Amino acid sequence: MHLAYPAVLSALLFCTGLYGVLARRNAILVLMSVELMLNAVNLNLVAFDVWLSRTAEETLHSGQALTLFTIAIAAAEIGIGLAIVLAVYRNRGTSDIDRLRDSAESHEPDGQDSEALTAEQADRTGKAEATA
């Protein structure tokens, strides 16, 4: 097996995942794209491990062992990421990354002081809690 075939496939998978991270707005699809990038790295690790083990007399298969650790970390990352996305969706009602970013970057309107804003925000949260 030539090393070029899995390397090219891994590069294509990684570029697809990178495009998904940069272009998607849904948090679930961003997490799926990160998983695609991690799988591309795993493919590279295994391919280079097989390629290097042909030249070495004693094979340690360290690339395959590192791939298993990467899979375990990716599973934990997806579990925690999905929990965070679900918590944000329950609190905010959306998983759109652009809307979450816009609501996090609230700017103070001109002509209002911070005390009036805090009273207005407290009134809004009280109405939101009453409806929930």
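Please refer to the structure higher up on the page.
Residues numbered from 1 in each chain as written. Predicted model: local features only at pLDDT ≥ 70, side-chain atom pairs only at ≥ 80, totals over all residues. Heavy atoms only, no water.

Looking at the pattern of salt bridges
- Inspection of the entire model under this criterion finds two salt bridges.
- A salt bridge links Asp-98 to Arg-25; the shortest N-O distance between them is 3.0 Å. Linking Asp-98 in helix α4 (residues 97–104) with Arg-25 in the loop between α1 (4–23) and α2 (27–53), this pair joins segments that are 73 residues apart in sequence.
- For Arg-25, a relative accessible area of 53% corresponds to the exposed category.
- With its nearest N and O atoms 3.9 Å apart, the salt bridge here joins Arg-99 to Asp-96. (Salt bridge = Lys/Arg side-chain N within 4 Å of Asp/Glu carboxyl O. Helix = DSSP H or I, 4+ residues; strand = E, 2+ residues; numbered from the N terminus. Buried < 20%, exposed > 50% of the residue type's maximum accessible area, 1.4 Å probe, protein only.)

A few points about the packing of α2 against helix α3 (residues 62–92)
- Running from N to C, α2 and α3 point in directions that differ by 175 degrees, and their axes come no closer than 9 Å. Taken together, the axes of α2 and α3 are roughly antiparallel relative to one another.
- A class-by-class count of the residues in the contact of α2 with α3 yields 14 nonpolar, seven polar and three charged. (Axes fitted to C-alpha atoms, helices over the stretch in contact; angles between N-to-C directions. Parallel < 35°, antiparallel > 145°, perpendicular 65-115°, else oblique. Nonpolar A, V, L, I, M, F, W, Y, C, P; charged D, E, K, R; others polar.)

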